[in-house]
Amino acid sequence: METADTILLGRATFTEWAGHWPTVTDGEDAGFAKWINDSPKYVVSSTLDSVEDWANSTLINGDLPAAIEELKSGEGKDITVAGSPTLVRSLLEQDLLDELVLLIHPVVAGEGRKKLFADDATLKKLELVSAQPTSSGVIIATYRPTR
């Protein structure tokens, strides 16, 4: 959270989170809630008409590469993608990601989970930048696409 001040969200994540995070004001998630509620959010969707129901949200429904280039050229810290596996796939396919940070949890999810990468996805080679285990056994792995 310290390195990013702009958030990209896909439609599904935005729809789920817009109904939840604005209502969180205390407890262990209050810090994240304040950060995400106060940060500029850009929602990538071709089906939403409006994102006005969550403060600081802007809809991107046109040329994604141009929108990302405009965001990257602006002032501020990093841009992060929250959740949104379909958006992550699209950004990776269009060479719009500078880094891919994966949190690898020590569980087997089983069936019914959406895959981050489709079976027919184009091969993308990644270079490991860092891997850090946490006390809970989660590994935070950072990769950069090789171009």
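Since the model is a prediction, treat every value here as computed from it, not as a measurement. (Residues numbered from 1 in each chain as written. Predicted model: local features only at pLDDT ≥ 70, side-chain atom pairs only at ≥ 80, totals over all residues. Heavy atoms only, no water.)

Things to note about the sheet that holds strand S3 (residues 57-60)
The strands making up a sheet associate through hydrogen bonds between their backbones, and the pairing can be parallel or antiparallel.
Then comes step 1: An order of S3-S2-S1-S4 is seen for the four strands of this open sheet, with the pairing classed as parallel. Looking at which strands have only one partner, the edges of the open sheet turn out to be S3 and strand S4 (78-81). Across this sheet, the average inter-strand angle for adjacent strands is 25 degrees, counted without regard to direction.
Then comes step 2: Where strand S1 (residues 4-10) lies against strand S2 (residues 41-44), four bridges are found, and the strand directions are parallel. Across the sheet, Gly 10 pairs through a bridge with Val 44, a residue of S2.
Then comes step 3: Helix H2 (residues 30-38) contacts S1, S2 and S4 of the sheet and is inclined by roughly 80 degrees relative to S1.
Then comes step 4: Docked against the sheet, helix H3 (residues 64-73) engages S1, S2, S3 and S4, running at close to 145 degrees with respect to S3. (Pairing = 2+ DSSP bridges. Helix = DSSP H or I, 4+ residues; strand = E, 2+ residues; numbered from the N terminus. Axes fitted to C-alpha atoms, helices over the stretch in contact; angles between N-to-C directions. Contact = heavy atoms within 4.5 Å.)

Points about the pattern of salt bridges
Then comes step 1: One pass over the structure, following the stated rule, counts four salt bridges.
Then comes step 2: In this structure, Asp 38 engages Lys 34 in a salt bridge whose closest nitrogen and oxygen atoms are separated by 2.5 Å. One end of the pair, Asp 38, and the other, Lys 34, are both in helix H2, four residues apart, so they sit about a helical turn from each other.
Then comes step 3: On the accessibility criterion, Asp 38 (45% relative accessible area) is partly exposed.
Then comes step 4: In this structure Lys 34 comes out as exposed when scored by relative accessible area, which is 54%.
Then comes step 5: In this structure, the salt-bridge partner of Lys 124 is Asp 95, at a minimum N-O distance of 3.0 Å. (Salt bridge = Lys/Arg side-chain N within 4 Å of Asp/Glu carboxyl O. Buried < 20%, exposed > 50% of the residue type's maximum accessible area, 1.4 Å probe, protein only.)

Interpretation note: all reported values are geometric properties and have no functional meaning in isolation.
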